[in-house]
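# Remarks on the overall topology
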Amino acid sequence: MAAQAGGSGVPTGGEVDGTDDVADLFRALGRQIKVARVRAGMSQKELGDRLGYGEETISSVERGRRTPQPELLVAVDELLGCGGLLAAAAEDVERARARRRVRHPEWFRDYARLEAEAVELCYFANQAVPGLFQTKEYARAVFASRQPLFDEETIEQRVTARMARQELMTRWPPPTVSAIIQESVLRQPFGGLHVQRGQLERLRKTGDLRHVEIQVMPTTSQDHAGMGGPFTLLTPKGKPQVAYLEVQHISRLITDPDEVRVLAAKYGSIRGQALTPRESLRLIEKMLGDL
């Protein structure tokens, strides 16, 4: 999260990105703050000193580069006598921030749109539990461990967006979902033992759903067709199957039929080499018993 620039005021929020309606709202409010400040004959430093903020913070908000927090809007409104104009916008800012939190990174949006209309999803995961199965705590640990580091606001945005994606698991009719997860992923206490336990419990419950099959690729397997890394196969409603790759913060949506066919064949091989769904759930239960 962007650090507050001096004083004892409340957090000001992170940098504003993009040129969408949310950013437009924040820029408009920044201009209104500037007009009220100039009308009152105050400099940015003077306003900041009166409210407990740094000069740079006031400058950034006025230029639309920082989110104008509701607390700041109320404080400016009262100090500069705006008659409730800025205070009334506090709820709009909260709603705008909520919309922003569920936005996906630009590079992920094409996949997210296809995923939302998918009738079938197939995952092979050998680095982390697939996003649709993650608990909030596990997802937060994933994003917090990212290098270069995310700030706290970005972490919360990514976690919220990931949790919102999981709504497709409970819609009707639900997509058919299968996932093959490397055993070592489940044994790693990612985020701590309490996070690991919560994640294993989520997988055990999710594996009982009628439209979901979870398989574990055991570390003892002598055959492994998935050494090339993780991938996802996705079939949107009424459209051909596509594939998605993501590694080292580089993503690729694959639509070429021949490339998708190769990955689909590979998925079939991995599925045959993994434990059956029943065996996999028993292994997950054993892991829980060992914690």
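Use the structure listed above.
Anyway, here's the lowdown on the structure attached to this text. For clarity, every value in this text was computed on a predicted model and none was experimentally measured. (Residues numbered from 1 in each chain as written. Predicted model: local features only at pLDDT ≥ 70, side-chain atom pairs only at ≥ 80, totals over all residues. Heavy atoms only, no water.)

### Observations concerning the sheet that holds strand E1 (residues 118-125)
What links the strands of a sheet is backbone hydrogen bonding, and the strands pair in either a parallel or an antiparallel sense. The cut-off we apply is this: Here, a strand pair is defined by DSSP locating no fewer than two bridges between the strands. In DSSP terms, a helix is any run of H or I states spanning at least four residues, a strand is any run of E spanning at least two, and both are numbered starting from the N terminus. The convention used is that axes are lines fitted to C-alpha atoms, helices contributing only their stretch in contact, and that angles between N-to-C directions extend from 0 to 180 degrees.
On the basis of which strands lie adjacent, the open sheet formed by six strands has the order E3-E2-E1-E4-E5-E6 and mixed pairing. Taken across any chain shown, the strands that pair with only one partner, and hence form the sheet edges, are strand E3 (212-217) and strand E6 (250-254). Along the sheet, successive strands turn relative to each other by an average axial angle of 15°, direction set aside. Taken together, the six bridges between E1 and strand E4 (residues 231-236) define a ladder with antiparallel strand orientation. Across the sheet, residue phenylalanine 124 finds its bridge partner in E4, namely phenylalanine 231.

### Digging into the pairing of strand E5 (residues 242-247)
As paired elements, E4 and E5 share three bridges and run antiparallel to each other. Residue threonine 232 lies in a different strand from E5, and its bridge partner there is tyrosine 244. Counted between consecutive antiparallel strands, the loop separating E4 from E5 contains five residues, among which glycine 238 sits at a positive phi close to 70°. One ladder, built from five bridges, connects E5 with E6; its direction is antiparallel. Residue pairing for E6: alanine 243 is matched across the bridge by isoleucine 254. Between E5 and E6, which pair antiparallel and follow one another directly, the connecting turn spans two residues, one of which, glutamine 248, has a positive phi of 50°.

### A few points about the pairing of strand E2 (residues 176-182)
Worth spelling out the cut-off: Residue exposure (1.4 Å probe, protein chains only): buried if accessible area is under 20% of the type maximum, exposed if over 50%, otherwise partly exposed.
Buried residues dominate E2, accounting for six of its seven residues. Strand direction decides the pairing type here: E1 and E2, joined by six bridges, are parallel. Following the sheet pairing, alanine 125 is matched in E2 by isoleucine 181. Strand direction decides the pairing type here: E2 and E3, joined by six bridges, are parallel. Bridged to isoleucine 180 within E3 is glutamine 215.

### A few points about the pattern of salt bridges
The following threshold applies: Whenever Lys or Arg places a side-chain nitrogen within 4 Å of a carboxyl oxygen from Asp or Glu, that contact is recorded as a salt bridge.
By the definition in use, this model includes twelve salt bridges. The salt bridge involving arginine 63 is made with glutamate 56; its shortest N-O contact spans 3.3 Å. Between arginine 271 and glutamate 213 there is a salt bridge; the shortest N-O distance is 2.7 Å. Here the residue arginine 271 occupies a position in helix H11 (residues 257-273), and glutamate 213 occupies one in strand E3, the gap between them amounting to 58 residues. Owing to a relative accessible area of 30%, arginine 271 belongs among the partly exposed residues under this scheme.

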